[in-house]
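# A closer look at the structure
Letter by letter, the chains look like this.
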Amino acid sequence: MASAADPLVDTLRTLATTTDDPDICAAHGQDWTRRFAGPVRAVVRPKSTAEVAGVLAACNAAAAPVVPQGGNTGLVGGSVPGPHDSPVVIISTVGLADLGVVDELGRSVTAGAGVTIADLHAHAESAGLVYGVDLASRESATVGGTVATNAGGIRVCAYGMTRAQVMGVECVLADGTVASRLVGLPKDNTGYDIAALMTGSEGTLGIITAVRLRLHAPPPDTMVMLAGVDDLAAAMALVRRSVPSGAVLMGAEVVDDASLTLNCEHGGLPRPLAKAWPYLVLIEASELDPPDDVDAVAGEDAADKRRLWRYREDSSESASSQGVVHKLDISVPLANLDALADGVRALMPAQAHVSIFGHLVDGNLHVEIAGLDPDDESIDEGVLELTTRLGGAVSAEHGVGRAKAAWLGLSRSPADVAVMRRIKAALDPIGVLNPGAVLPPPPAR
Ligand SMILES: Cc1cc2nc3c(=O)[nH]c(=O)nc-3n(C[C@H](O)[C@H](O)[C@H](O)COP(=O)(O)OP(=O)(O)OC[C@H]3O[C@@H](n4cnc5c(N)ncnc54)[C@H](O)[C@@H]3O)c2cc1C
């Protein structure tokens with residue numbers, strides 16, 4: 001049933017496909033983790049940049065808060081309002097799904113913000129090239145969302161993060177101004193880099209409507225190995241000892257035994273090795289030459305490689321099968337990785353069930369904690385403070401969102417945060433774009 005008349009929603013209906021159906025609003029108002037949710041006034045699905053501009057200008061004129069949303073696979077509460085926020089307009093980008101012709105020589109393509117990462121991969125591959133970012137949420141995560149979060153994923157060791165793929169963006173600012181530079185010049189030193197500013201801005205500075213993305217030559221044929229190790233230092237040593245110099249490392253991931261057990265139980269998978277090890281390391285490379293004494297299984301054909309990857313890629317989903325989970329994504333210098341994992345386990349109260357997995361050579365662990373009150377943030381704080389003491393970042397690849405805004409100051413200096421506030425005030429003076437995400441409330445005067 002539609003809610004009582006809302007003049008802004010009536011205006012939005014004239015500008016783009018808009019609904020205030022309570023079920024649709026509620027579905028868009030809750031994130032993938034089910035830990036974050038808030039009230040939604042309307043969901044708008046523009047089909048063009050001009051529609052986004054009209055909708056944003058109308059919301060800005062009405063001082064109505066807006067949350068941009070792509071695939072809603074974000075894990076830090078950035079794609080939905082907070083529980084105590086006033087109702088927001090969600091601008092869903094899924095209708096911006098155009099894919100341009102691949103420039104095979106220049107190795108780039110323009111993609112609409114709503115194109116999924118899976119569709120982008122298929123499109124690049126049909127032209128004999130590959131897109132460098134891949135992640136387990138590929139079927140739903142969008143180009144716009146991955147640029148807005150500067151997503152990492154499983155190929156960072158080969159191609160870098162999303163930032164390294166972005167050659168230009170088209171975006172709409174809060175007042176409806178459209179800034180567009182999608183020409184994809186490999187050399188272009190003409191002033192401030194708006195694409196770089198939008199990358200990682202998590203919907204707080206503008207809505208990205210299209211992106212010019214770098215593509216890559218296909219990688220060589222690869223092998224995948226899953227091996228048991230005692231700790232993360234041994235996992236890194238095994239990467240060094242198994243990948244001959246000159247070979248191309250395409251992925252180096254890790255799962256602890258708690259995560260592996262959840263994956264096997266949730267996905268009905270057999271345990272991959274006869275012995276249970278504290279960690280399994282997954283290595284994908286163009287050549288693998290493991291030492292003789294290693295306990296490992298390997299796969300070379302596509303089906304085998306996919307089967308082995310499931311022991312790592314199912315981890316987030318199988319952790320969430322335990323209920324609402326505290327999901328923390330952190331990074332530290334490689335030398336401190338074991339101290340981080342061991343320190344996290346030492347912090348856990350008796351009722352917590354922690355599983356740890358992540359992107360090994362990026363120094364990036366995902367810590368998933370089940371069995372705790374979703375609203376109790378004390379464990380989050382403990383893990384993030386430990387990460388900071390070990391020289392790390394409180395967000396490695398998922399962003400800050402609403403989940404970590406209060407702890408931004410653990411990783412960034414007061415001067416950095418002040419610069420961020422000035423940029424935000426310049427581009428979104430009324431503060432309609434994703435309020436409450438990334439930046440904590442300003443200190444009281
Ligand atoms: C199973 C699973 C595995 C995952 N694995 C990884 C991983 O390996 N690496 C990784 O980095 N992340 C991972 N993620 C997290 C998530 O997929 C990424 O953060 C992804 O980039 C979010 O894309 P999305 O389209 O779903 O964006 P959403 O979740 O919809 O939004 C994310 C943020 O971007 C903003 N936003 C979305 N679209 C736009 C736009 N067009 N313009 C401006 N702002 C916008 C939103 O406001 C929000 O702040 C995983 C998630 C799941 C569920």
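What you see as residue numbers is a count from 1 along each chain, following the sequence as written. In keeping with the model being predicted, local features are shown solely for residues with a pLDDT of at least 70 and side-chain atom pairs are shown and tallied solely at 80 or more, while totals for entire chains, interfaces and linings include all residues. Side-chain measures here rest on the full set of heavy atoms in the structure, leaving out hydrogens and waters.

### Brief notes about the site of the ligand
Worth spelling out the cut-off: Residue proximity to a molecule or strand is established when one non-hydrogen atom of the residue lies within 4 Å of it. Counting of polar contacts relies on pairs of N or O atoms within 3.5 Å, with two restrictions inside protein: one atom must be capable of donating a hydrogen and the other of accepting it, and residues adjacent in sequence are counted only when both atoms are side-chain atoms. Secondary structure counts use DSSP, requiring at least four H or I residues in a row for a helix and at least two E residues in a row for a strand, with both numbered from the N terminus.
Close to the ligand lie 35 residues, the nearest being Pro-68, Thr-73, Gly-74, Ser-137 and Thr-142. Contacts to the ligand include Ser-137, whose side-chain N or O atom sits 2.7 Å from an oxygen atom. The separation between a nitrogen atom of the ligand and a polar main-chain atom of Ile-208 is 2.8 Å. Elements represented by at least two residues in the shell around the ligand include exactly β3 (66-69), α5 (143-149) and β8 (207-214). The biggest single contributor to the shell around the ligand is α5, with five residues.

### Structural notes on the side chain of Thr-93
Quick reminder of the rule: Note on classification: 1.4 Å probe, protein chains only; a residue is buried when its accessible area is under 20% of the maximum for its type, exposed when over 50%, partly exposed between these limits. By definition, residues are in contact when any of their heavy atoms lie within 4.5 Å.
With respect to the helices and strands, Thr-93 occurs in the loop between β4 (88-92) and β5 (108-112). In this structure Thr-93 comes out as buried when scored by relative accessible area, which is 7%. Apart from residues no more than four positions distant in its own chain, Thr-93 is found in contact with Gln-69, Gly-70, Ala-113, Gly-114, Ile-207 and Ile-208.

### Some remarks on the domain arrangement of the protein chain
Using the following cut-off: Either an automatic procedure or a domain database provided the assignment from which the domain bounds are taken. Buried area: the accessible surface (1.4 Å probe) lost by two parts on joining, summed over both. Should a side-chain nitrogen of Lys or Arg be within 4 Å of a carboxyl oxygen of Asp or Glu, the pair is scored as a salt bridge.
You can read the domains of the protein chain as domain 1 (7-92), domain 2 (223-317) and domain 3 (322-409). For domain 1 versus domain 3, the separation of C-alpha centres amounts to 29 Å. Of the residues lining the interface, 14 residues belong to domain 1; the matching set on domain 3 comes to 15 residues. At the boundary of domain 1 with domain 3, total buried surface from both sides reaches about 1,100 Å², with 56% on carbon and sulfur atoms. It is Arg-35, Leu-75 and Val-76 that lose the most area in domain 1 upon contact with domain 3, and together they represent 60% of the buried surface on that side. Here domain 1 is connected to domain 3 by two salt bridges.

### Thoughts on the side chain of Thr-19
Here Thr-19 shows up in strand β1 (residues 17-19). A polar side-chain atom of Thr-19 sits 3.0 Å from the main-chain amide nitrogen of Asp-21. Here Thr-19 is in contact with Arg-13, Ile-24, Cys-25, Ala-42 and Val-43, once residues within four sequence places are set aside.

### Description of the nonpolar core
Note the following rule: To form a nonpolar core, buried Ala, Val, Leu, Ile, Met, Phe, Trp, Tyr and Cys residues must be joined to one another through side-chain atoms within 4.5 Å.
By size, the foremost hydrophobic cluster in this structure holds 40 residues, and its most contacted members are Val-281, Val-344, Leu-360 and Ile-369. By residue number, the principal contributor to this core is helix α8 (residues 232-242), which donates five residues. Apart from the residues within four sequence positions on either side, Val-281 is in contact with Met-225, Leu-226, Ala-227, Val-229, Ala-235, Leu-238, Val-239, Glu-253 and Leu-360. Counting 28 residues, the second-largest nonpolar core is a separate cluster that includes Val-102, Tyr-131, Ala-151 and Val-169.

### Here we look at the pattern of salt bridges
Under the counting rule described, the total for this entry stands at 18 salt bridges. The closest approach of N and O atoms between Asp-304 and Arg-307, which form a salt bridge, is 3.5 Å. Taken together, the positions of Asp-304 and Arg-307, both in helix α10 (residues 302-313) and three residues apart, correspond to about one turn of that helix. A relative accessible area of 26% means that Asp-304 is categorised as partly exposed. Notably, a salt bridge pairs Lys-424 with Asp-428, separated by 2.7 Å at the nearest N-O pair. The residues Lys-424 and Asp-428 share a single accessibility class, namely buried. In this structure, a network of salt bridges that share partners links the residues Asp-10, Arg-13 and Asp-20.

### Quick word on the sheet that holds β3
Applicable threshold: When DSSP locates at least two bridges between a pair of strands, those strands are taken to pair. For helices, the axis comes from a line fit to the C-alpha atoms of the stretch in contact; other axes are also lines fit to C-alpha atoms, and the angle between any two N-to-C directions lies between 0 and 180 degrees.
Taken together, four strands build an open sheet; the order of strands is β1-β2-β4-β3 and the sheet is mixed. Among the strands making up the open sheet, the edge pair consists of β1 and β3. Taken over all neighbouring pairs, the strand axes of this sheet differ in orientation by 20° on average, direction set aside. Where strand β2 (residues 40-45) lies against β4, four bridges are found, and the strand directions are parallel. By the bridge assignment, Val-40 is partnered in β4 with Val-88.

### Considering the packing of helix α12 (residues 337-347) against helix α13 (residues 378-389)
Rules: Working definition: roughly parallel below 35 degrees, roughly antiparallel above 145 degrees, roughly perpendicular at 65 to 115 degrees, and oblique for all remaining angles. In this scheme the crossing of two helices becomes right-handed for a clockwise turn of the near helix relative to the far one and left-handed for an anticlockwise turn of less than a right angle. Three categories are distinguished: nonpolar for Ala, Val, Leu, Ile, Met, Phe, Trp, Tyr, Cys and Pro, charged for Asp, Glu, Lys and Arg, and polar for the others, with Gly belonging to the last.
Where α12 contacts α13, the two axes come as close as 10 Å, and the packing angle between them is 155°. The orientation of α12 with respect to α13, classified from their angle, is roughly antiparallel. Seen along the crossing, α12 lies across α13 with a hand that is right-handed. Facing α12, whose interface residues are Leu-340, Gly-343, Val-344 and Leu-347, α13 presents Ile-379, Gly-382, Val-383, Leu-386 and Thr-387. Along the lines of polarity and charge, the residues of the contact of α12 with α13 split into six nonpolar, three polar and no charged.

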